[in-house]
Amino acid sequence: MADIKIVNLHKEFGAGADKVVALDDVNLELGGHVFVSVVGASGCGKSTLLNILSGIETPTNGQVTITQEGGPARAGYVFQSARLLPWRTVMDNLLFVQEDRSEPTRQRCQRYLDMVQLGDKGKKFPGELSGGMQQRVGIARAFSTEPDVLFMDEPFSHLDAITARSLRAELHHMWQETGKTVVFVTHDVSEAVELSNRILVFAKGGRLAEDIPMDLPFPRESADPDVALAKAEVFRTFERIGALTVR
Amino acid sequence: MSTVTAPSTSPPRRASAEDLARKTERADRLRTWGWRLAGYLFFLGLWEFSSGRLMDENLLPGPSAVFATFADLWATGEVPSAFATTLTRIGIGFFLAFVVGVLVGMLMQNRWLNGFFRDAVTIGITTPGLIWALITAIIFGNREAGPLLAIVLTTFAVITVNVSEGIKSLPKDLIDMAKSFGVGVLKRNRHIVLPHLAPFLFTGVRFGFSIAWKVTVLTEVFSSSSGIGFEMRTATQLFRLPEFLTWILAFYILALFLEKVVLEVIERRFFSWRTSLKA
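Residues numbered from 1 in each chain as written. Chains lettered and ligands numbered in written order. Predicted model: local features only at pLDDT ≥ 70, side-chain atom pairs only at ≥ 80, totals over all residues. Heavy atoms only, no water.

(A) Region of the structure containing the overall build of chain B. Along the backbone of chain B there are 11 helices and zero strands. In terms of overall size, chain B is more extended than a compact globule, its C-alpha atoms giving a radius of gyration of 26 Å where 279 residues would be expected to give roughly 19 Å. For chain B, the spread of C-alpha atoms along the three principal axes comes to 100 × 75 × 30 Å. Relative to its 279 residues, chain B shows a buried fraction of 35%. The contacts of chain B with a sequence gap of at least 6 include a subset with a gap of at least 24, amounting to 71%. For chain B, the exposed surface amounts to about 17300 Å²; the carbon and sulfur share of it is 68%. (Helix = DSSP H or I, 4+ residues; strand = E, 2+ residues; numbered from the N terminus. Rg over C-alpha atoms; globule rule 2.2 N^0.38 Å. Buried < 20%, exposed > 50% of the residue type's maximum accessible area, 1.4 Å probe, protein only. Contact = heavy atoms within 4.5 Å. Areas by Shrake-Rupley, 256 points an atom, 1.4 Å probe, with all protein chains shown as cover.)

Right under this line is the structure:
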């Protein structure tokens, strides 16, 4: 469980007339065993936020600190596509992001492969697996480093509805079991409401418009009236900030 | 009294789809090899028939005469020694070309250096090996630098173009993934950049080698005093056609060996993941 502190975060791409503001003065604190979803329309800076948090991109201004009990925190990342090395086997893909290849490390990787029900696919190459299986390997890879914080960028958006649903259930189960801090970017409001206990709504121009707590008990079924009400509230927020306006 | 026992029957094993596929593949391979062999037999037969019947056997010695000469020259040690000389030249020259090619390919990622090298690489790719072989023969005579320089000049550009294309298409998403997990730059290079570049390098080596091979023999024909090309020149000058054809045969066997055995083994060893992809 990590503590994330974001102070006056600002990110721009390009210069002059081509300048685009991706994140505009974002301030945020989150930590502990939370599942935070970041929602908003395309181009509102959701993925940029995640890339800055994970160190792939650097901010134009502002500060981001991620700590674990005062020290540096370890992070894992699940991407929109699986991003596996095609020339390494499934097991080697997990080992690639570990600090060593010792027997205990291998056993840990195997445990997470088992958790995503791919325990027998360690020797396969990614090209031999289906898209859903590859995405599960990506999830196992992120968990296998036993990170303090897990970043996920629309991890189920490329999958069919049935696979996505079962992976969501798996992810929720793993989150509860491992007690991690999860920051989850999605454009799917239902997904955000069913999985998270906090939802951050971003508006166009990279502004953090709303921070909505989600205190409903788990498991959350989409047919549950309370869940439907919560979704409606998020959509109302979208409306209020103008994200649903069609021009 | 005799007893009759029913023969023990085991349920007949049903051929799985995999078995069937394997069988079909094997039959297919056998047929391909059959046709290949038939091709060899037909053309060698035609050649043997022509020798002494359609053409004077001094002008066109048959394959049997050529194979006999090959065996003689092998026994005297001439063939292995000429092979060793030519192969050493190719080895050193190609190694130099590889180093130069990779270096230039990397430098060309810089916009200004790209402009600096671009036309030189185009010239390297388009100039026929024969021209470099002639120029280096005139400048260096029978000194070793001639064939080596000719190999570097004809081959480096092929390597450069391939390396350059490989670097341009580096998988940024995989590199970002590694960064997000805190994987260091050395490990990233070893496990992402090198495996990504390997097929490009391999293509460069494959094409480059076939060019290096031809230009080496050409320079030897023009100016060397040893090697397969030199032996060909000597045989021509002395009008020993069986010997000349023997050297061509040697050339062919070696090229086939390098292409079909050495390079294919390397390909199978390092690119097995692509085979699994196709499957």
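(B) Layout of the overall build of chain A. When helices and strands are counted, chain A shows seven helices and 10 strands. Relative to its length of 247 residues, chain A is compact, with a C-alpha radius of gyration of 18 Å against a globular reference of 18 Å. Oriented by its inertia axes, the alpha-carbon framework of chain A measures out at about 50 × 45 × 35 Å. A burial count over chain A gives 49% of its 247 residues as buried. Considering only contacts within chain A whose residues lie at least 6 apart along the sequence, 70% involve residues at least 24 apart. By element, 48% of the accessible surface of chain A is carried by carbon and sulfur atoms, the whole surface being about 11200 Å². Side-chain charges in chain A split into 27 positive and 33 negative, and the spacing between the mean points of these groups amounts to 4 Å. (Lys, Arg positive; Asp, Glu negative; His and termini not counted. Charge placed at Lys NZ, Arg CZ, Asp CG, Glu CD.)

(C) How the structure looks around the confidence of the model for chain B. When the pLDDT values of chain B are averaged, the result is 86; 93% of them are 70 or greater. Put simply, helix 11 (residues 272-278) of chain B is where chain B has its lowest mean pLDDT, 65, and helix 7 (residues 172-180) of chain B is where it has its highest, 92. (pLDDT = per-residue confidence, 0-100.)

(D) Structural detail: the UniProt feature "transmembrane region" (unreviewed entry) in chain B. Residue and element names in this part refer to chain B. Mapped onto the present numbering, the UniProt feature "transmembrane region" (unreviewed entry) falls at residues 33-50, 90-108, 120-141, 147-171, 192-213 and 244-266. Summarising residues 33-50: 100% helix, 0% strand, and an end-to-end C-alpha distance of 26 Å. Between the end C-alpha atoms of residues 90-108 there is a gap of 26 Å, over a span that is 95% helix and 0% strand. (UniProt positions renumbered as here; feature names shortened; annotations may be inferred.)

(E) Representation of the layout of surface pockets in the model. Each pocket or cavity is described by its volume, and for the largest pocket that value is around 920 Å³. Taken together, 35 residues form the lining of the largest pocket, with Pro195, Ala198, Arg269, Phe270 and Phe271 of chain B sitting closest to its centre. Elements with a minimum of two residues in the lining of the largest pocket: helix 2 (90-96) of chain A together with helix 3 (78-107), helix 8 (185-223), helix 10 (241-270) and helix 11 of chain B. Per-element tally for the lining of the largest pocket: the top contributor is helix 8 of chain B, with 11 residues. Split by residue class, the lining of the largest pocket holds 22 nonpolar, five polar and eight charged. (1 Å grid on protein atoms, 1.4 Å probe; cavity = no way out; pocket = protein on both sides within 12 Å on 5 of 7 lines; lining within 4 Å. Points joined across faces, edges and corners; volume = space filled by probe spheres on them. Nonpolar A, V, L, I, M, F, W, Y, C, P; charged D, E, K, R; others polar.)

(F) Just the interface of chain B and chain A, in detail. Taken together, the contacts link 18 residues of chain B with 22 residues of chain A. In total, chain B and chain A occlude about 1900 Å² of area from one another, counting both sides; carbon and sulfur atoms represent 70% of this. The largest contributions to the chain B side of the interface with chain A come from Met177, Phe181 and Trp273 of chain B, which together make up 33% of the buried area. Connecting chain B to chain A are zero salt bridges. Our count for the contact surface shared by chain B and chain A stands at five residue pairs in polar contact (both at pLDDT 80 or more). The set of elements that each furnish at least two residues to the side of chain B that touches chain A consists of helix 7, helix 8 and helix 11 of chain B. Of the residues that constitute the side of chain B that touches chain A, the class distribution is nine nonpolar, five polar and four charged. (Buried area = accessible area lost by both parts, 1.4 Å probe. Salt bridge = Lys/Arg side-chain N within 4 Å of Asp/Glu carboxyl O. Polar contact = N/O pair within 3.5 Å; in protein donor to acceptor, adjacent residues only side chain to side chain.)

(G) Focus on the packing of aromatic side chains. In total, this model carries 13 aromatic pairs over all chains according to the counting rule given. Grouping aromatic residues by their ring pairs yields a cluster made of Phe35, Phe156, Trp175, Phe184 and Phe218 of chain A. One Lys or Arg, arginine 220 of chain A, reaches over the ring of phenylalanine 218 of chain A and ends 4.0 Å from the middle of that ring. Above the ring of tryptophan 33 of chain B, the side-chain terminus of arginine 36 of chain B is found at 4.8 Å from the ring centroid. (Phe/Tyr/Trp six-rings, centres within 6.5 Å; stacked < 30°, edge-to-face > 60°. Lys NZ or Arg CZ within 6 Å of the ring centre and 35° of its normal.)

(H) Local environment of unusual backbone geometry. Residue and element names in this part refer to chain A. The linkage connecting phenylalanine 218 with the following residue, proline 219, adopts the cis geometry, with an omega of -10°. Mapped onto the elements, proline 219 comes out in the loop between strand 10 (207-213) and helix 7 (225-240). Notably, asparagine 8 is not glycine yet its phi reads approximately 45°, a positive angle. Position of asparagine 8 relative to the elements: it lies in strand 1 (residues 3-13). For asparagine 8, a relative accessible area of 41% gives the class partly exposed. Residues other than glycine seldom take positive phi values, yet glutamate 154 does so here, at roughly 40°.

(I) Local environment of the pattern of salt bridges. Residue and element names in this part refer to chain B. Inspection of every chain in the model, using the stated rule, returns 15 salt bridges over all chains. Here glutamate 220 ties to arginine 89 by a salt bridge, and the two come within 2.6 Å at their closest N and O atoms. Here glutamate 220 is found in helix 8, whereas its partner arginine 89 is found in helix 3, with 131 residues between them in sequence. A salt bridge links aspartate 176 to lysine 172; the shortest N-O distance between them is 2.8 Å.

(J) Region of interest: the nonpolar core. One finds Ile4, Leu53, Phe151 and Val183 of chain A to be the most contacted residues of the largest nonpolar core, which totals 104 residues. Broken down by element, the residue count for this core peaks at 10 residues, all from helix 8 of chain B. Here valine 183 of chain A is in contact with Ile4, Leu30, Val36, Val38, Leu50, Leu53, Val149, Leu150, Phe151 and Met152 of chain A, once residues within four sequence places are set aside. Formed by 12 residues, the second largest nonpolar core is a distinct cluster that contains Val39, Ile199, Val201 and Phe238 of chain A. (Core = buried A, V, L, I, M, F, W, Y, C linked by side-chain atoms within 4.5 Å.)

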